[in-house]
Every structure is written in C-alpha cells, then in structure tokens.
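Observations on the three-dimensional arrangement
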Amino acid sequence: YSRFLSYCKHNVSFNHFIDGEKSVLKYLIVKALGFDVGGAIHLVRDPRAYVQSRLKDMGENLLKSAAHIEMAALEWKQIHGRIRRLADRGPYHRIIYEQLIQDVDSELPKLMKFIGVQPEILLSPPRDQRKHHLMGNKMLFTFNGTIRHDQSWKENLSLDSQKRIRMLAEPLFTELGY
C-alpha cells in the first residue's frame, strides 16, 4: 500500500486520495500502519439492489436461488454493520445511494464538505471515460452526468425473495431508512 500511495503521489498531483473499498479490514490495517486516514465514507445501497448485483456477479441463473439470496442479504448486513461501527473510530460520513440519486444537489455538497474540498459541479461526462469509474459498472462507459436509479431488482426478484432479504437485513434495513 505504501508503494502504491508513493506511486500515486509521484505521478499525479492531488490533495485528497479516496480509496474505495468494500472491506472494513483494509481501513483498519491502513490506519493501524500509521497512514493518515482522514475518515470513512460509507455508501449504502438498498439491500435488495445489492443482492441482485451480487447474484449477477455469480451468474444470471442464480437469481432464483434462495440460498444465494440469503447469503448475499447476510453479506450486506455484515458489511454495513461493520462499516457503521467505524463512526466511533473517527470522522465518518454515510451516504444513502437512493438519497444521493434523489437529491444530488443537496447530498454532494455534504460529501465535499466532509472531504474538505470546495463544492463544484462534479456530475458532468468525463473527458476520458477510460480513467473514471462512476457509481456502478453499468454506467462506466455511458455516464452522461446523470446518476441513474436502477430499480430492476423490483422486477427481477420475486416478492418472496424481497421479503426474505428485508427480514435478513433487519434491523439495519429499517435503521437506514429502507
């Protein structure tokens, strides 16, 4: 990690470095090694959308598999439960993906303030799309400045699966506003 960070500092001029990671372990290790960790940004997405995404990673044919649905729902609960506990370890900012999409003009300035940068217009098509990864794989090469709300899980997951995901994701499901 030290070599990677040194490489970045040497080759790119920046004041803020954001390392996107789905694991709390990397955050804890980097902090324990003495790196200057300015805080944690916790991006939360509806657990039903997360489950659908994880199942797609495993293969489209698994969308009907109860065992895989349960595994992904419990994974969501475990990941977000661990990340939520970081709030007691230092600066912490939670972003609810659906709120970000609904009110980007309000949510992005809050994030920029947390990071310590001046608010600016960020949602514009990137000049070189190969160098950006924005809000999900589906948007990687088609981003036009608008964050789209993918709710295909409503059609792809049965009502029973949606209910099961909700049950398994509790109490975080309700605490986070879903």
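Residues numbered from 1 in each chain as written. Predicted model: local features only at pLDDT ≥ 70, side-chain atom pairs only at ≥ 80, totals over all residues. Heavy atoms only, no water.

1. Some points on unusual backbone geometry
Just so we agree on the cut-off: A helix here means a DSSP run of H or I that spans at least four residues, while a strand means a run of E at least two residues long, and both kinds are numbered starting from the N terminus.
Cis geometry marks the peptide bond from Glu170 to Pro171; its omega dihedral reads 0 degrees. Mapped onto the elements, Pro171 comes out in the loop between α8 (159-169) and α9 (172-175).

2. What to know about the pattern of salt bridges
What counts, and what does not: We define a salt bridge as a side-chain nitrogen of Lys or Arg found within 4 Å of a carboxyl oxygen belonging to Asp or Glu. Residue exposure (1.4 Å probe, protein chains only): buried if accessible area is under 20% of the type maximum, exposed if over 50%, otherwise partly exposed.
In total, this model carries six salt bridges according to the counting rule given. Measuring nitrogen to oxygen at the nearest pair gives 2.6 Å for the salt bridge that ties Asp46 to Arg48. Each member of the pair Asp46 and Arg48 is classed as buried. We note a salt bridge from Arg84 to Glu175, for which the minimum N-O separation is 2.1 Å.

3. Brief notes about the packing of helix α3 (residues 47-58) against α8
Each pair of packed helices can be summarised by the angle the axes make with each other and by the distance between the axes. Basically, it comes down to this: Axes, fitted as lines to C-alpha atoms, cover a helix only where it is in contact. Angles between the N-to-C directions of the axes lie from 0 to 180 degrees. Under this scheme an angle from 65 to 115 degrees is roughly perpendicular, one under 35 degrees roughly parallel, and one over 145 degrees roughly antiparallel; angles in between are oblique. Less than a right angle of anticlockwise turn of the near helix away from the far helix marks a crossing as left-handed, whereas a clockwise turn marks it as right-handed. We call two residues in contact when some of their heavy atoms are within 4.5 Å.
It is the contact of α3 with α8, at a shortest axis distance of 9 Å, that shows an interaxial angle of 110 degrees. Considered as vectors, α3 and α8 are oriented roughly perpendicular to each other. Once α3 is placed against α8, the crossing between them reads as right-handed. Within the contact between the two elements, α3 uses Pro47, Arg48 and Val51 and α8 uses Gln162, Ile165 and Ala169.

4. Quick look at the nonpolar core
A general tendency of soluble globular proteins is for nonpolar side chains to be buried together. Heads up, the rule is: Residues grouped as a nonpolar core are buried Ala, Val, Leu, Ile, Met, Phe, Trp, Tyr and Cys residues, joined through side-chain atoms within 4.5 Å.
Ranked by internal contacts, the top residues of the largest apolar core, which has 16 residues, are Val44, Trp76, Ile83, Leu86, Leu176 and Tyr178. Taken together, the elements giving at least two residues each to this core come down to α2 (24-32), β1 (40-44), α4 (66-84), β2 (92-96) and α9. It is α4 that provides the largest number of residues to this core, a total of three residues. Non-local contacts of Tyr178, meaning those with residues more than four positions away in its chain, are made with Val44, Arg45, Asp46, Pro47, Trp76, Ile96, Glu98 and Phe173. Judged by nonpolar contacts, the second largest core, of 10 residues, contains Ala49, Ile69, Ala72 and Ala73.

5. Quick word on the side chain of Glu107
By the element assignment, Glu107 lies in helix α6 (residues 104-115). Not counting chain neighbours up to four residues away, the residues in contact with Glu107 comprise Gln99 and Leu100.

6. A few points about the pairing of β1
Worth spelling out the cut-off: Between any two strands, pairing holds if DSSP finds at least two bridges.
Burial of the side chains of β1 is restricted to one face: Ala40, His42 and Val44 are buried, whereas none of Ile41 and Leu43 on the reverse face is. In this structure, β1 lies alongside β2, joined through five bridges in parallel fashion. Bridge pairing in β2 places Val44 opposite Ile96.

7. A word on the packing of aromatic side chains
The following threshold applies: Classification of ring pairs uses Phe, Tyr and Trp, with its six-membered ring standing for Trp, and accepts pairs whose centres are within 6.5 Å; under 30 degrees between planes counts as stacked, over 60 as edge-to-face, and the remaining range as tilted.
For the structure on display, the rule yields one aromatic pair. Ring centres 6.0 Å apart and planes at 50 degrees place the aromatic pair Phe173 and Tyr178 in the tilted group. As far as burial versus exposure is concerned, Phe173 and Tyr178 are alike and both buried.

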